[in-house]
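# Residue-level structural notes
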Number of protein chains: 2
Amino acid sequence: MSPVSSAHLAARRAQLLKAARTCFARNGFHATSMQEVLSEARMSPGGAYRYFPSKEALVAAIATETLTEVSAALKALSEDGSTPGPDDMVTAVTSTVERLDALHDTAKLEIQVWAEAQRSPLLAEQFARAFADVERFMTEQVETYQGRGLIERDVPAGHIARVLIGLVHGFMVQRTLLQADTALFRDGLRALVAGPGRAPAPPSE
Amino acid sequence: MSPVSSAHLAARRAQLLKAARTCFARNGFHATSMQEVLSEARMSPGGAYRYFPSKEALVAAIATETLTEVSAALKALSEDGSTPGPDDMVTAVTSTVERLDALHDTAKLEIQVWAEAQRSPLLAEQFARAFADVERFMTEQVETYQGRGLIERDVPAGHIARVLIGLVHGFMVQRTLLQADTALFRDGLRALVAGPGRAPAPPSE
DNA sequence: CATAAAAGAACGAATGTTCGCTCTTGTCAA
DNA sequence: TTGACAAGAGCGAACATTCGTTCTTTTATG
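Every chain begins its residue count from 1, and numbering advances along the sequence as written. Each chain is given a letter, starting from A, and each ligand a number, starting from 1, according to the order in which they appear as written. Local features in this predicted model are restricted to residues of pLDDT 70 or higher, and side-chain atom pairs are both shown and tallied only at a pLDDT of 80 or more, whereas totals for entire chains, interfaces and linings draw on every residue. Side-chain descriptors were evaluated using all non-hydrogen atoms of the structure, hydrogens and water having been removed beforehand.

With an unreviewed UniProt entry as reference, chain A is termed HTH tetR-type domain-containing protein, source organism Streptosporangium minutum.

### Things to note about the protein's contact with DNA strand D
Operational definition: Any residue with a non-hydrogen atom lying within 4 Å of a molecule or strand is treated as near it. In protein, a polar contact requires one atom able to donate a hydrogen and another able to accept it; more generally it is a pair of N or O atoms within 3.5 Å, and residues adjacent in sequence count only if both atoms are side-chain atoms. Strands here are runs of E lasting at least two residues and helices are runs of H or I lasting at least four, both read from the DSSP assignment and numbered beginning at the N terminus. Each residue receives one of three labels: charged for Asp, Glu, Lys and Arg, nonpolar for Ala, Val, Leu, Ile, Met, Phe, Trp, Tyr, Cys and Pro, and polar for the others, Gly being one of them.
Close contacts around DNA strand D come from 24 residues, with Arg 12 and Tyr 51 of chain A together with Pro 3, Met 34 and Tyr 49 of chain B the closest. Within 4 Å of the protein, the contacting atoms of DNA strand D are drawn from sugar and phosphate to the extent of 66%. At 3.4 Å, a side-chain N or O of His 8 of chain A approaches a phosphate oxygen of DNA strand D. A distance of 2.6 Å is found between a phosphate oxygen of DNA strand D and a side-chain nitrogen or oxygen belonging to Arg 12 of chain A. Sorting the residues of the surface near DNA strand D by element identifies helix H1 (6-27) and helix H3 (45-48) of chain A together with helix H3 (45-48) of chain B as the ones contributing at least two each. Looking at the surface near DNA strand D residue by residue, the classes come out as 11 nonpolar, 10 polar and 3 charged.

### Topic: the domain arrangement of chain A
Residue and element names in this part refer to chain A. Filter applied, for reference: Domain start and end points were adopted from an automatic or database domain assignment. Contacts: residue pairs with any heavy atoms within 4.5 Å of one another. Buried area: the sum, over both parts, of the accessible surface (1.4 Å probe) that disappears when the two are put together. Basic side-chain nitrogens of Lys or Arg form a salt bridge, by our definition, when they fall within 4 Å of a carboxyl oxygen of Asp or Glu.
Here chain A is partitioned into domain 1 (1-53) and domain 2 (55-194). Listed as interface residues are 14 residues of domain 1 and, on the opposing side, 15 residues of domain 2. Taking both sides of the interface into account, the surface hidden between domain 1 and domain 2 amounts to around 1,600 Å²; carbon and sulfur atoms contribute 72%. Here domain 1 and domain 2 share 1 salt bridge between them. As a salt-bridge pair, Glu 65 and Arg 21 come within 2.6 Å of each other at their nearest N and O atoms. For the side of domain 1 that touches domain 2, the leading source of residues is H1, giving 5 residues. Here the side of domain 1 that touches domain 2 is composed, by residue class, of 10 nonpolar, 3 polar and 1 charged.

### Points about the protein's contact with DNA strand C
Taken together, 25 residues sit near DNA strand C, with Pro 3, Met 34 and Tyr 49 of chain A together with Arg 12 and Tyr 51 of chain B positioned nearest. For DNA strand C, the fraction of protein-proximal atoms (within 4 Å) that sit in sugar or phosphate groups is 71%. A distance of 3.2 Å is found between a phosphate oxygen of DNA strand C and a side-chain nitrogen or oxygen belonging to Arg 50 of chain B. Within the contact set of DNA strand C, a phosphate oxygen lies 2.5 Å away from a side-chain nitrogen or oxygen of Tyr 51 of chain B. Elements that contribute at least two residues to the surface near DNA strand C include exactly H3 of chain A together with helix H1 (6-27) and H3 of chain B. For the surface near DNA strand C, the element with the most residues is H3 of chain B, which contributes 3 residues.

### So, the packing of aromatic side chains
All names here are of chain B. Rule in force here: Each pair of aromatic rings taken from Phe, Tyr and Trp, with Trp reduced to its six-membered ring, is defined by centres within 6.5 Å and is described as stacked if the planes are under 30 degrees apart, edge-to-face if over 60, and tilted in the remaining cases. Accessible area is worked out with a 1.4 Å probe on protein chains only. A residue is then buried under 20% of its type maximum, exposed over 50%, and partly exposed in between.
Overall, the coordinates contain 7 aromatic pairs over all chains when judged by the stated rule. Judged by centre distance (5.1 Å) and plane angle (85 degrees), the rings of Phe 24 and Phe 29 are edge-to-face. For Phe 24, a relative accessible area of 1% puts it in the buried group. Summarising the aromatic geometry, the rings of Phe 171 and Phe 185 are spaced 5.2 Å apart at their centres and angled 70 degrees between planes, so their arrangement reads as edge-to-face.

### Here's the deal with the relation of the copies chain B and chain A
Defined as follows: Only residues with pLDDT of at least 70 in both copies contribute their C-alpha atoms to the least-squares superposition of the copies.
Once chain B is rotated about the relating axis by 180 degrees and shifted along it by 0.0 Å, it coincides with chain A to within an RMSD of 0.1 Å. The transformation just described matches what one would write down for a two-fold rotation axis. When you check the interface residues of chain B against chain A, 100% turn up at the interface there too, and the contact is symmetric in its surfaces.

### Section: the pattern of salt bridges
Residue and element names in this part refer to chain A. With the rule as written, the count across this model stands at 22 salt bridges over all chains. Between Asp 105 and Lys 108 there is a salt bridge; the shortest N-O distance is 3.9 Å. Owing to a relative accessible area of 23%, Asp 105 belongs among the partly exposed residues under this scheme. When the shortest N-O distance is used, the salt bridge between Arg 186 and Asp 187 registers 3.4 Å. What emerges from the salt-bridge pattern is a single network uniting Asp 87, Asp 88 and Arg 190.

In structure tokens, the structure reads:
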């Protein structure tokens, strides 16, 4: 029987994950040593290796957290019906990304996951799964917009959803490396979607 | 005096760079050891270290190549005037990305550069410089489109250019991790830009 | 022959991980 | 209520290995 409560075990595990996320976001998966993570978490190797069998497992856990965080946030967004048009939707998503990145370095870690997924079949599958989730939510939203006559109907909703997701990923890059903010993307996208004919919402500056 | 021709020196350097690119694209910057690069290039450490003083310098050189390759291709694209509309422009860019990735793993390496730029000020500055170039070409194109009345005029061209670049980056992610192709993005973007009113070019499927 | 390019053994440092020990904790008999 | 016991959480020194890099030697060339 365990000499400590299972809540304490969970807390210790979470403490390790938090330290790992901090270090990985700061220095990347590979340039971060176990010793860095351990000292950030104020743990010894022997203690930590009771919770994660390897550094790779720690990386995988952080990747799961990151991908899940994003897709869960997008799911919530697509369920509360607060995005009356495609530009509002992307705006809502980018501001959500901003919030998650400020809280948990989500955008930085997501980019690291892209890089690592190229060589790790495990991470590649995790990414593909999370992407499929997001794609589903986005596609449903696009179908709604198509039903309302807001978007061209003859193109498969999935294709349009893919483009919107691409936009979000591009935002993550610019947010991380160039300090781009939501307003910039919102105005640009609105102008693009609005075309020359219809009056867009006024830009913010 | 040098015992070999300077052409031979340049060839040897290029051989090293090619090997490094192959290895870095296959396994990432950090997971690739010098020994892998050296054996791919069929060189000894002593030989190779005459051309690059460190692994970091090799990484920086590959990053420069990758970023320059992309921005040079985009510059060529924006100069030959072959993109009559914003959707054509993005389509031309994505197919260029496909070609460069097939030839030199450019998209894969670009993503690695994003990840590495988060912790390396040197790469971050390289990226920012290359991005500024691309942004300039894109902005000029958008201004042209605005002049022709193809895009809403009241939004700064730079903002719209940023969104289009984001789209390209998103395409790189999907191309690398999900085997997305240009046609998918082309149709999706056309539908988005066309809106419900104007007839878009017919989708490809 | 002189020069330097190339080779490859060798180096110290740092990595992820292990293992034997100590200490804390929950349990239960008295 | 209390004391001792068993179990496992936590520790940290030590491990084998691999890393990037150097240095001496050999080879090839103008």
